[in-house]
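Residue-level structure breakdown
Take a look at the letters that make up each chain.
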Amino acid sequence: MGIKNIIYLFGGLGLFLFGMKYMSEAINQVAGNKMKKLLEKLTSNRFKGFFLGVIVTVIIQSSSATTVMLMGFLNAGIMTLAQATGVIIGANIGTTITAVLIALDVSAIAPICIFVGAVMSLFSKKLNRKYFGQVILGFGILFFGLKTMSGDDAMGVLKTSASFQSFITHANNPFLGLLIGLIMCSVLQSSSAAIGVLQMLALKGLMPIDFAIYLIIGINVGSATPLFLSAIGAKTNAKRAAMVYFIFDFVGMLIFTPLALFTPFDTWVASISNDGSVQVAAAHIIFKVVTAIVLLPFVSVIVQISEKLIPQKEHESEMRFSYIDVKVLDNPMATSQEVIAEVNRMAQVVRENIVFASKAFISCDDSRERDILDNEELINWLNHSISDFLVNVTSHELNADVSERFVRVLHTITDLERIGDHALNVLERTKDAKSNNLNFSEAAMLEFEDAYKDVLELYDRSVDAFKNGRLTDAEGHKLHMLEDGIDQKTNQAQDNHVQRLREKKCSTQSGVVFTKVMQDLERMGDHAYNIAWSARRDKQLIHSIR
């Protein structure tokens, strides 16, 4: 095999890998949001999750991509590991669709797909049509790469290679087959690509099925390698999802290695078709389906094993993401769920400080100062860290919905950070009042409590709207009235304070503190109202209501 043959072989392999990744990413842009919603809604039990995993992976053409998406949902707390396990088992079956397409040999239409896909992706003005063109283009490149690999200038030359023929003739060591398959998949980082190479060899008559079966088993075990690599330094749930994926293929190896050794399994597979590519595809599908049937009833056991193998870590510092996995950026839909969960966490910490600071002022007790300061430090860290993470994510290609949502998230965390600042201001006013022995009239404290309750209600309803990504016209009007009421109450409280000063019912110094505290409440309400409207896109309607 000369240098020219090696260039053709690796060039074809490169086209195959690029086409698969390009197509998978484009499909994610077109259908990723719908797939996300399906995964969220239809994973209530293992069987629904299983069938959903099959469907999603058939569509997006990658079990690894499906599992990465699940890692994001796990980190965001959208689903449990048990629910994800059913989907992962289904994803392992769905990934065989590539082998089926290769066995059907649709490479004849590859040049047409490349032309049509290139025209659509280059000249389409509508974004969805452009992405669909990229799907077609990726499909064409994938099969053009396969055709190049199997050509006479690449794998075809192996027919005349005495050394390769000798190796294949004497290749009967099952452990060597397992090792070669594992290494192939680890290097190529794709089980579909490794099986595709195997199918091309079998199509040329260069890979007998009795040896190919062991390679297939090794490839499947090695398919967990990309997930383990992506889980390095990642969160516990992401590592457990990778472990579940590995457990599936490891159990498959334990089932099929003795089956291939001690039964005429290879003869039965060979009887399915005379086409070597079809035989490899059939063996691959049987491996996946049988393993899934065996493991599906034992989802809870698989979860327990993964939890024992990867125990939950204890973290010393709160200055870390609880939901966002910075190692996983390949699936924007899953990432967006992690981001929303992290922002919700930030919102809860901000709420704590609103309550702690307001109650401190009401009781003139600053004993929660340490808690408030620690929370403020975490709020600031989350604000900067989420912003930096979003800047990193938006450097990747995103569809319009995800990109627009991330912009609104940036505005939301800014409002949350400012609400936290105003809560800290209230604490400082409380400390000032306590150190100077300032007293406030009963009427003033009632005015503060009344406004504080409205601010907290507005904040809670606004955060709920953001969390749900939905704000109806009716709810928006109610929140507007609530925010307007807060403005009126704080203005009235300040007018009342001036009157109390005239009547000498309070001191000038205490009056200054009270006025500033009421202004802090009013600013909290303004920022809370902004958070509610981040759930809406129709900015013109927002301005008309305001």
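First, a word on what this report is: a plain description of the structure on this page. It should be emphasised that the depicted structure is a prediction, and the values quoted were computed from it without experimental measurement.

1. Notes on the side chain of S124
Residue placement: S124 occurs in the loop between α6 (110-123) and α7 (127-150). The class for S124 is buried, based on a relative accessible area of 13%. Looking at S124, its side chain comes within polar contact range of the main-chain oxygen of M120, at 2.6 Å. When near neighbours in sequence (up to four residues on either side) are disregarded, S124 contacts V119, R129 and K130.

2. A few points about the environment of V498
Along the chain, the position of V498 falls in helix α21 (residues 473-502). Judged by its relative accessible area of 36%, V498 is partly exposed. Counting along the chain gives 13 residues from V498 to G511, while the straight-line C-alpha distance between them is 8.2 Å.

3. Some details on the packing of helix α13 (residues 236-262) against helix α15 (residues 276-295)
Where α13 contacts α15, the two axes come as close as 9 Å, and the packing angle between them is 105 degrees. Judged by the angle between their axes, α13 and α15 are roughly perpendicular. For the pair α13 and α15, contact is made by I247, F248, D249, V251, G252, M253, I255 and F256 and by I286, F287, K288, V290, T291, A292, V294 and L295, respectively. Partitioned by chemical class, the residues of the contact of α13 with α15 number twelve nonpolar, two polar and two charged.

4. Examining the pattern of salt bridges
Per the stated rule, a full pass over the model turns up 13 salt bridges. A salt bridge links K434 to D366; the shortest N-O distance between them is 2.9 Å. In this pair, K434 sits in helix α19 (residues 400-435) while D366 sits in the loop between α17 (332-363) and α18 (369-393), placing the two residues 68 residues apart along the sequence. A relative accessible area of 39% places K434 in the partly exposed class. Assessed through its relative accessible area of 17%, D366 is described here as buried. If you follow the salt bridges from partner to partner, you end up with D450, D454 and K489 in one network.

5. Description of the packing of aromatic side chains
If you walk through the whole model with that rule in mind, you get eleven aromatic pairs. Ring geometry for F256 against F287: centres 5.2 Å apart, planes inclined by 40 degrees, an arrangement best described as tilted. On the criterion of sequence distance, the pair formed by F256 in helix α13 and F287 in helix α15 is long-range, its members being 31 residues apart. For F256, a relative accessible area of 2% corresponds to the buried category. Under the relative-accessibility criterion, F287 is labelled buried at 1%. Taken together through their ring pairs, the aromatic side chains of F256, F265, W268 and F287 make up a single cluster. R368 extends its terminal NZ or CZ atom over the ring of F356, reaching a point 3.9 Å from the ring centre.

Definitions and limits used
- Here, residues in each chain are numbered from 1, in the same order as that chain's written sequence.
- The predicted origin of the model limits local features to residues at a pLDDT of at least 70 and limits the giving and counting of side-chain atom pairs to 80 or more, whereas totals for whole chains, interfaces and linings rest on all residues.
- Side-chain measures were taken over the full set of non-hydrogen atoms in the model, leaving aside hydrogen atoms and water.
- Helix and strand definitions here come from DSSP, where helices need a minimum of 4 consecutive H or I residues and strands a minimum of 2 consecutive E residues; each element is numbered from the N-terminal end.
- Throughout this description, buried means an accessible area under 20% of the type-specific maximum (1.4 Å probe, protein chains only), exposed means over 50%, and partly exposed covers the range between.
- Two N or O atoms count as a polar contact when they lie within 3.5 Å, although within protein this holds only if one can serve as hydrogen donor and the other as acceptor, and sequence-adjacent residues are included solely when both atoms are side-chain atoms.
- Between two residues, a contact is recorded if the distance between any of their heavy atoms is within 4.5 Å.
- Throughout, an axis means a line fitted to C-alpha atoms (over the contacting stretch in the case of helices), and angles, computed between N-to-C directions, take values from 0 to 180 degrees.
- By definition in this entry, angles of less than 35 degrees are roughly parallel, angles greater than 145 are roughly antiparallel, angles of 65 to 115 are roughly perpendicular, and the rest are oblique.
- Here the nonpolar group is Ala, Val, Leu, Ile, Met, Phe, Trp, Tyr, Cys and Pro; Asp, Glu, Lys and Arg are the charged ones; every other residue, Gly included, is treated as polar.
- Throughout this description, the term salt bridge denotes a Lys or Arg side-chain nitrogen within 4 Å of a carboxyl oxygen of Asp or Glu.
- Pairs were defined over the aromatic rings of Phe, Tyr and Trp, the Trp ring being its six-membered one, requiring ring centres within 6.5 Å. Orientation was assigned from the angle between planes: stacked under 30 degrees, edge-to-face over 60, tilted for the rest.
- Consider the ring centre and the ring normal. A charge sits over the ring if Lys NZ or Arg CZ is within 6 Å of that centre and within 35 degrees of that normal.

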